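Spelled out from the first residue to the last, the chains are:
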Amino acid sequence: IAGLEAPIDDGSCSDFSLQLGPLRLSMASPGERVQALAFFRLMGATLSSGSFSQERGGRCQIRLTPDTRQDARLMVADIERLTGEVPKISSCNEIFSVSLPAELVRALQAVPGIGTPGDRVASTASLPDVVSDEDTPIALRREFFGALFGGDGVSPELVLLRDAPDTLTEIQLVQHRLSERALARLMEDIQLGLARLGVDVLLSPPAPVHPPPVGSRAPRWRSVLTVRWGVAFSERIGFRYCQHKSARLTAATAWWRLKETIRDRRRSVAEAAITQEGASDRRPTGWRRWVREASEHLSQSSPIMSPYFVGFAGHRVLNRQHLLDTIEGRIGERSGVQGARRAHQHAVPAGVPTVTGFLERIGARGWFSDRTPQGELCKVTYATTSQDEIVEPTIELSVVGIRSAGEQTVYDLTVDELHNFLASGVVVHNCIPHGGGGPGMGPIGVAAHLTPFLPGHPVIEVGHGEAALGPVSAAPWGSPSILPISWAYIRMLGLQGLIRASELAILNANYIACRLQPHYNVLYRGDRGRVAHECILDLRPFKAVGVQVDDVAKRLMDFGFHAPTMSFPVAGTLMVEPTESEGRAEIDRFCDAMIAIREEIRAVERGEVSIEDSALRHAPHTAGDVTRDDWDRPYSRQTAAFPAPWTRRHKAWPAVGRIDNVYGDRHLICTCDAWPDA
């Protein structure tokens, strides 16, 4: 839905429906569900970052002000899903705004309990009734609160401490009102709504703002809602329409999970040590022995990311009470800090990085503004180098261990859904490794009534009868090399090599899926939003403006890429399979190309250029195309031949321009030299 940490929509509550002015919301079909989720996101954004104005004639206008151009594009995409209109993104000094169409404004005004549009600070309304209603699907309420936090929420910030390790602040939501009573009711309703989503918060009572804002005569009240556990917020809600906050939340969640995992392992070791000591008839020889044995046993089932901390190595004296305090949570941060300091003094790796060190290691240190213990802002930083940036920020996490997950439903391993291609009684199965030849190398089976039409062989009888077709390969039953190729691949890599290759292939595919998710729909995600070693980009929605999958595939050639698998296993899609051999730079280059092509599609969607006159429809562009004297296309030669910076340094020119694939497949043309007279 939005960002790496966003929860996955489960597809429930299909009986929900709501009529709001000219707009009817429903969850009955996948398309209607997407529209309903989009409306609730826009409603949350309207109540957080929306501004209202009254035009001549009394018509109300609502304008949303996202932080970045990418956030504005996500808003425009949601507006298009609901109304079919594509509003213009206005910008001035990297401040962006999107005006809602009149149809959507009327629908928002029809929401019961949303209040009178105008100054939010002067509003006495609480949450819209449909958000407070327990019968409203969780998915819709989640999107509303995600957008509300995306506008008015405060993402984690880095606090620099002198006498203790640096830390991250909690996620907060800040609201201001002129009425103390209205503010208290609003914040209590938000607290209740978040609790229903499984997010526990701490609510501060309204307090007067001192001094009052400049130009304000009426007193203003302020209330702050603090999320107790940021991981729960990231898993169940997340930020919407705010790339900066989403990126910071992703990095912060990775840090919080690391700390919690280490504490859980330490607690498990303490529990196991006490259990072993109580069940053993051996005379105790010291608690360190029980802890060491418990730690070794635990390491066989789950990774130990900090042997020093989990093994209580920071304690000079270890006794039963230390373990009980750990189990009951009575040992706080201080003991861990002291243990880490002792480890540093004795040159022992504690294995628990500081939050600053962790953020630097994953490449996210520059995303966080620095604050002193007194709350003073040292430096303002963002997750992107420019508000106008269209490339999403990324982090680098590490795989700490591999363990059996048991039997799980995994799309890529469901043979009859992906690796088997079935059509008209013929099934083709792909059982060859990467680079081994593709699905054409796999076994082919047919229904019994098609047996007479299988290929025959002039030397060896294959049992297909007199009506059999001629041979399609020298070997009677296809190439036998499928087996030695697979065997050699496995033997050369070995056990660890196969594991590593699988890790990299899956990581590369998920990296591409995450980078391209804001621009293309990614099909067949798992329960946690991940893909296997392939990600399928859905290009079918672009048919509405005449853009075909062929246009994207052929335009990629101008960027120096051979197109991925096209229209398989779903027609109108591209199946990207980066494999384990692709490096980060090459994958980023491919993603940048796909994002640039998406911008060209958006230009068609906005009506700036027709599809017939676009570089998409005329791709690929050969050297002969761009060097001819009669260049008459509305785009430049540079756009045609050098659409990305790297194409100037190294250009792989297509040998042939645009051709009609279907016509060529159905009308074979011989290009051989004429046969000499006999």
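Summary of the structure given here.

What counts and what doesn't
- Residues numbered from 1 in each chain as written.
- Predicted model: local features only at pLDDT ≥ 70, side-chain atom pairs only at ≥ 80, totals over all residues.
- Heavy atoms only, no water.
- Helix = DSSP H or I, 4+ residues; strand = E, 2+ residues; numbered from the N terminus.
- Buried < 20%, exposed > 50% of the residue type's maximum accessible area, 1.4 Å probe, protein only.
- Contact = heavy atoms within 4.5 Å.
- Phe/Tyr/Trp six-rings, centres within 6.5 Å; stacked < 30°, edge-to-face > 60°.
- Disulfide = S-S within 2.5 Å.
- Axes fitted to C-alpha atoms, helices over the stretch in contact; angles between N-to-C directions.
- Left-handed = near helix turned anticlockwise from the far one by under 90°.
- Nonpolar A, V, L, I, M, F, W, Y, C, P; charged D, E, K, R; others polar.
- Salt bridge = Lys/Arg side-chain N within 4 Å of Asp/Glu carboxyl O.
- Pairing = 2+ DSSP bridges.
- Core = buried A, V, L, I, M, F, W, Y, C linked by side-chain atoms within 4.5 Å.

### Focus on the overall build of the protein chain
- Regarding its fold elements, the protein chain presents 21 helices and 22 strands.
- Buried positions account for 42% of the 678 residues belonging to the protein chain.
- Taking the contacts inside the protein chain whose residues are at least 6 apart along the sequence as the reference set, 63% of them involve residues at least 24 apart.

### Re the packing of aromatic side chains
- In this structure the tally under the stated criterion is 11 aromatic pairs.
- Here Phe 39 and Phe 40 contribute two aromatic rings whose centre-to-centre distance is 6.2 Å and whose plane-to-plane angle is 75 degrees, an arrangement assigned as edge-to-face.
- Accessibility expressed as a relative area gives 0% for Phe 40, which makes it buried.
- An aromatic cluster is built from Phe 149, Phe 233 and Phe 239, whose rings are joined through pairwise contacts.

### Observations concerning the state of the cysteines
- Following the criterion strictly, the structure yields 0 disulfides and no others.
- For Cys 535, which is in no disulfide, the shortest distance to another cysteine sulfur is to Cys 591 and amounts to 8.0 Å.

### Thoughts on helix α15 (residues 549–558)
- Counting buried residues along α15, 8 of its 10 residues qualify, which places the element largely inside the surrounding structure.
- Taken as a whole, α15 has its buried residues at Val 549, Asp 551, Val 552, Ala 553, Lys 554, Arg 555, Leu 556 and Asp 558.
- Two residues or fewer after α15 comes Gly 560, characterised by a positive phi angle close to 95 degrees.

### Some words on the packing of helix α1 (residues 30–49) against helix α5 (residues 138–152)
- Where α1 meets α5, the axes come as close as 7 Å, and the angle between the chain directions of the two elements is 35 degrees. Our pair here, α1 against α5, has a crossing hand that is right-handed. Packed against α1, whose contacting residues are Arg 33, Ala 36, Leu 37, Phe 40, Arg 41, Met 43, Gly 44, Ala 45, Leu 47 and Ser 48, the element α5 presents Ala 139, Leu 140, Arg 142, Glu 143, Phe 144, Ala 147, Leu 148, Gly 151 and Asp 152 at the interface.
- Per-class residue counts for the contact of α1 with α5 are 11 nonpolar, 3 polar and 5 charged.

### Thoughts on unusual backbone geometry
- Of note, the amide linkage connecting Phe 568 to Pro 569 takes the cis form, showing an omega dihedral of 0 degrees.
- As for its position among the elements, Pro 569 is in the loop between β21 (565–566) and β22 (573–576).
- With a phi angle near 65 degrees, Thr 579 is a residue other than glycine that sits in the positive phi range.
- Counting through the fold element by element, Thr 579 comes out in the loop between β22 and α16 (584–605).

### Side note on the pattern of salt bridges
- Applying the stated criterion to the full structure yields 27 salt bridges.
- Between Arg 540 and Asp 538 there is a salt bridge whose closest N-O contact spans 2.8 Å.
- The partly exposed category is assigned to Arg 540, whose relative accessible area is 36%.
- A relative accessible area of 8% places Asp 538 in the buried class.
- Here Glu 608 makes a salt bridge to Arg 606, at a shortest N to O gap of 2.7 Å.

### Things to note about the pairing of strand β5 (residues 89–92)
- One ladder, built from 4 bridges, connects β5 with strand β6 (residues 95–99); its direction is antiparallel. Across the sheet, the residue bridging to Ser 90 is Ser 97, located in β6.
- Between β5 and β6, which pair antiparallel in sequence order, lie 2 residues; one of them, Asn 93, sits at a positive phi of approximately 55 degrees.

### A short note on the sheet that holds strand β19 (residues 521–523)
- On the basis of which strands lie adjacent, the open sheet formed by 4 strands has the order β19-β20-β22-β21 and antiparallel pairing. Whereas interior strands pair on both sides, the edge strands pair on one side only; in this sheet they are β19 and β21.
- Of the pairings in the sheet, the one linking β21 to β22 comprises 2 bridges and is antiparallel in character. Within β22, the position partnered with Thr 565 by the bridge is Met 575.

### A short note on the nonpolar core
- Counting residues in each nonpolar core, the largest one holds 93 residues, and the members touching the most others are Phe 39, Met 43, Phe 145, Ile 190 and Leu 359.
- Ranked by residue count, the leading element in this core is helix α8 (residues 243–279), at 13 residues.
- Apart from residues no more than four positions distant in its own chain, Leu 359 is found in contact with Leu 158, Leu 168, Ala 251, Ala 364, Arg 365 and Phe 368.
- Grouped together as the second largest cluster of nonpolar side chains are 33 residues, Ala 513, Ala 593, Ile 595 and Ile 611 included.

### Quick look at the sheet that holds strand β4 (residues 60–64)
- The strand order across the open sheet formed by 4 strands is β3-β4-β6-β5, and the pairing between neighbours is antiparallel. At either margin of the open sheet sits one strand with a lone partner, and together these are β3 (50–54) and β5. Pairwise comparison of adjacent strand axes, ignoring direction, gives a mean angle of 30 degrees for this sheet.
- Across 2 bridges, the pairing between β4 and β6 is antiparallel. Opposite Arg 63, over in β6, you have Ser 99 as the bridge partner.

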